[in-house]
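Structural overview
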Amino acid sequence: MTAATRTALITGASAGIGASFARQLAAQGFTLLLVARRVDRLKALAQELIDAHGIECKVFAADLTDASAPRDIMAYAAEQGLCIDLLINNAGLSGHKKFVDTPWSELAGEIQVMITAVTELAHLVAPAMIERQWGRIINVSSLAAFAPPGESLLYSAIKTYVLILSESLDMELKPHGIHVTALCPGFTKSEFHDVMGTRHTANKLPAIMWQQPDDVVKEALDAVMHGKPVCVPGRFNKFSVAMMRPLPEWARYRIGKVANPFK
Ligand SMILES: NC(=O)c1ccc[n+]([C@@H]2O[C@H](COP(=O)([O-])OP(=O)(O)OC[C@H]3O[C@@H](n4cnc5c(N)ncnc54)[C@H](OP(=O)(O)O)[C@@H]3O)[C@@H](O)[C@H]2O)c1
């Protein structure tokens, strides 16, 4: 199967890392199905990619906090005659307020977008991938999955789920020709911190901690094609994981308590 005959579904393609996935996959000749809420942005990106690469690119507006969204996306894909070879579960966000001060609807939304939808989309695409004995899934986790726990951050718990889920799925599905990779970026230039409301604090972090989305995505695509279950992009992030992993739980807790920059 060549890239020209493959189709990728990218959630959260209207900005940041997701838009970069779309641009790099379009350049490789993938057919694309782009998903997010801001459909105007998706349409503009689709047109850019069609003009630049002559690919087929469809867009579907979906709010992934809506429980029916994963099934709606797949129904649209079937209607368009698209069979998903590469799933990129990228859409995500982080709340910033304290757990008890955050309305349940917001917490439930985070869980729906980054846990339930991620899991359901993988469950929906896997059977056809098994049939074809070829498939690739990238689930966007975070360096937060390795970092000490952060006060008030549901995000770390969610991204730890995504990391472990991806490794488990990779073990189960690899014998069927399917590679699953958890992408664990550190601080990446995107709209993430604007949405989170932490841009001011994030901008004070040293440049060495930041990566561009294109660099993150290049490493992620290389990792999933080579069957690596976990991708920590960038030298600084790899070094950070190597430092954090051996720490005992009590030390991680203490560090997390004093070192959360967004507290
Ligand atoms: N940037 C970082 O520092 C960083 C670090 C580690 C991990 N990550 C992870 O990387 C992934 C991409 O984030 P990013 O940095 O590219 O952030 P971003 O620029 O804010 O993009 C987030 C994307 O997710 C989509 N999205 C958010 N809520 C959604 C919803 N309810 N329904 C559908 N789509 C939704 C947004 O689209 P619409 O608003 O148009 O719906 C947007 O396309 C996330 O999973 C994030 O957790 C980011």
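In the block above lies the structure referred to throughout.
Criteria and thresholds
Residues numbered from 1 in each chain as written. Predicted model: local features only at pLDDT ≥ 70, side-chain atom pairs only at ≥ 80, totals over all residues. Heavy atoms only, no water. Helix = DSSP H or I, 4+ residues; strand = E, 2+ residues; numbered from the N terminus. Near = heavy atom within 4 Å. Areas by Shrake-Rupley, 256 points an atom, 1.4 Å probe, with all protein chains shown as cover. Nonpolar A, V, L, I, M, F, W, Y, C, P; charged D, E, K, R; others polar. Core = buried A, V, L, I, M, F, W, Y, C linked by side-chain atoms within 4.5 Å. Buried < 20%, exposed > 50% of the residue type's maximum accessible area, 1.4 Å probe, protein only. Contact = heavy atoms within 4.5 Å. Pairing = 2+ DSSP bridges. Salt bridge = Lys/Arg side-chain N within 4 Å of Asp/Glu carboxyl O. Polar contact = N/O pair within 3.5 Å; in protein donor to acceptor, adjacent residues only side chain to side chain. Axes fitted to C-alpha atoms, helices over the stretch in contact; angles between N-to-C directions. Left-handed = near helix turned anticlockwise from the far one by under 90°. Arc of directions from axis to C-beta.

Even without being a glycine, Q133 presents a positive backbone phi close to 55 degrees. Looking at where Q133 falls in the secondary structure, it is placed in the loop between α4 (104-132) and β5 (135-140).

A word on the site of the ligand. The ligand sits among 30 residues. The nearest are S14, R37, N90, Y155 and S190. Its free accessible area being 880 Å², the ligand has 96% of it covered by the protein chains. Of all elements in the fold, only α1 (16-27), α5 (154-173), β7 (187-188) and α6 (192-196) reach the threshold of two or more residues within the shell around the ligand. Residue composition of the shell around the ligand, grouped by class: 13 nonpolar, 12 polar and 5 charged.

Looking now at the nonpolar core. Grouped together as the largest cluster of nonpolar side chains are 34 residues, with contacts concentrated most on L9, L33, I73 and L87. Mapped onto this core, the elements with two or more residues apiece are β2 (31-36), α3 (69-79), α4, α5 and β6 (178-183). Setting aside residues no more than four positions away along its own chain, I73 makes contact with L9, L33, V35, F60, A62 and L64. Grouped together as the second largest cluster of nonpolar side chains are 32 residues, I17, L25, A36 and L221 included.

Strand order in the open sheet formed by 7 strands is β3-β2-β1-β4-β5-β6-β9, and the pairing between neighbours is parallel. Only two strands of the sheet have a single neighbouring strand rather than two, namely β3 (57-61) and β9 (230-231). Here strand β4 (residues 86-89) runs beside β5; their pairing, made up of 4 bridges, is parallel. Residue pairing across strands places L86 opposite R136, the latter belonging to β5.

As for its position among the elements, K159 is in helix α5. Judged by relative accessible area, K159 falls into the buried class, the value being 4%. Distance from K159 to S142, taken between C-alpha atoms, is 5.9 Å for residues 17 residues apart in sequence. The residues contacting K159, other than those within four sequence positions of it, are M114, V140, S141, S142 and A145.

In total, this model carries 10 salt bridges according to the counting rule given. The closest approach of N and O atoms between E191 and R41, which form a salt bridge, is 2.8 Å. Highlighted residues: E191 in the loop between β7 and α6 and R41 in helix α2 (residues 39-53), separated in sequence by 150 residues. Residue classification places R41 among the partly exposed residues on the basis of a relative accessible area of 33%.

This next bit is on the side chain of T188. By secondary structure assignment, the location of T188 is in strand β7. With a relative accessible area of 7%, T188 lands in the buried category. Polar contacts involving the side chain of T188 include one to the main-chain carbonyl oxygen of G186, which spans 2.8 Å. Discounting residues that sit within four places of it in the chain, T188 has contacts with I17, W210, Q211, Q212, P213 and V216.

It is the contact of α3 with α4, at a shortest axis distance of 9 Å, that shows an interaxial angle of 35 degrees. Here the hand of the crossing between α3 and α4 comes out right-handed. Contacts between α3 and α4 involve P70, R71 and M74 from the former and A117, E120, L121, L124 and V125 from the latter. Partitioned by chemical class, the residues of the contact of α3 with α4 number 6 nonpolar, no polar and 2 charged.

Here we take up helix α10 (residues 249-259). Three or more residues of α10 are buried, namely A251, R252 and G256. End-on view of α10: buried residues confined to an arc of 135 degrees, all on one side of the axis. Those residues of α10 that are exposed and angled more than 90 degrees off the buried face are W250, Y253, R254 and V258.

Mapping W250 onto the fold places it in helix α10. W250 sits in the exposed class, given a relative accessible area of 59%. Sequence separation between W250 and W104 is 146 residues, and the spatial gap between their C-alpha atoms is 29 Å.

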